[in-house]
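Coordinate inspection notes
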Amino acid sequence: RPVLVLNKVERHYVQGERKLTILNGADFTINRGEMVALVAPSGAGKSTLLHTAGLLEKPDAGEVTLNGRVCGNLPDDERTSIRRNEIGFVYQFHHLLPEFSALENIMLPQLVQGLAKKEAANRARQLLDYMHIGKRAGHRPAELSGGEQQRVAIARAVANAPRLLLADEPTGNLDPQTAGYVFDALAALVKQSGLAALIATHNHELAARMDRKVTLDQGHIVPA
Ligand code: ADP
Ligand code: ADP
């Protein structure tokens, strides 16, 4: 079943006199439990695609449909609310809050959504265990290794049980072995929870382990 559908999506930037076209009638579908690698050179438009799919930016034309609802063009407040409930983001750098423990960082998005503290803590503990870092629950980000920090960031991204996970170089800051371990944990989570995941990466080894690879070509999303 499709989680995310892009239908004839366009994204253009105006740079001085020039119009730069990043997406030009792009069509794309990603289903439940599917992990798709987004591989393209720097400047090709990966961030633009992730931001458009993630409802952070509106398409200039076309439709972005999430879980059957056309929502790319809804007003900002509605897109924000959908984003908080249905989309998780992971970046190259963890962006965890330094003053809070791993557990608290994972609890926060749930508390924002109105969950009781106890429930949020239970879910956070489960996710930490699932990511094999249950013993790190009380540590602050600075007390964690790079791999552990990304594991916490991934757990936080899925804390509200989103349907779509968007990741921009989630292991780009890690050594190859650690990147592999963190990817294993991420892949297990995607399969177990039936998430749809679109993951931009320059790591060809990891890209090859996903269900399929896509790239950007002349404004279209095509198999890589
Ligand atoms: P990637 O993530 O693949 O490196 P981006 O989506 O960040 O690519 O950018 C694609 C192209 O669009 C780049 O050439 C970039 O300079 C341009 N671009 C991105 N954002 C803007 C913007 N807000 N205004 C003008 N040009 C932009
Ligand atoms: P670090 O940044 O310290 O390498 P990681 O989060 O990558 O932290 O994991 C710490 C250690 O746990 C790894 O070096 C590895 O020995 C072990 N480990 C983590 N995930 C796995 C896994 N999926 N399979 C086997 N061992 C793992």
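As a starting point, this report considers the structure included with it. (Residues numbered from 1 in each chain as written. Chains lettered and ligands numbered in written order. Predicted model: local features only at pLDDT ≥ 70, side-chain atom pairs only at ≥ 80, totals over all residues. Heavy atoms only, no water.)

**Describing helix H4 (residues 117-130)**
Because the α-helix completes a turn every 3.6 residues, residues three or four places apart line up on one side. Between its terminal C-alpha atoms H4 stretches 20 Å, which fits the 20 Å expected from 14 residues at 1.5 Å a residue. Every buried residue of H4 is listed here: Ala120, Ala121, Ala124, Leu127 and Leu128. Burial along H4 is one-sided: seen end-on, the buried residues are contained in an arc of 125°. Residues of H4 that are exposed and angled more than 90 degrees away from the buried face: Lys118, Gln126 and Asp129. Along its buried surface, H4 packs onto helix H3 (102-112), helix H5 (146-157) and helix H6 (176-193). His132 sits one or two positions beyond H4 and adopts a positive phi of about 65°. (Helix = DSSP H or I, 4+ residues; strand = E, 2+ residues; numbered from the N terminus. Expected span 1.5 Å × (residues − 1). Buried < 20%, exposed > 50% of the residue type's maximum accessible area, 1.4 Å probe, protein only. Arc of directions from axis to C-beta. Contact = heavy atoms within 4.5 Å.)

**Brief notes about the site of ligand 2**
Around ligand 2 sit Ser145, Gly147, Glu148, Arg151, Thr178 and Tyr181, and that is every residue in its neighbourhood. Within the side chain of Arg151, a nitrogen or oxygen atom sits 2.5 Å from an oxygen atom of ligand 2. A distance of 3.2 Å separates an oxygen atom of ligand 2 from a polar atom in the side chain of Thr178. Isolated, ligand 2 exposes 540 Å² of accessible area, and the fraction of that covered by the protein chains is 54%. For the shell around ligand 2, the elements supplying multiple residues, two or more each, are H5 and H6. In terms of residues, the shell around ligand 2 owes the most to one element, H5, which gives three residues. Here the residues of the shell around ligand 2 sort into one nonpolar, three polar and two charged. (Near = heavy atom within 4 Å. Polar contact = N/O pair within 3.5 Å; in protein donor to acceptor, adjacent residues only side chain to side chain. Areas by Shrake-Rupley, 256 points an atom, 1.4 Å probe, with all protein chains shown as cover. Nonpolar A, V, L, I, M, F, W, Y, C, P; charged D, E, K, R; others polar.)

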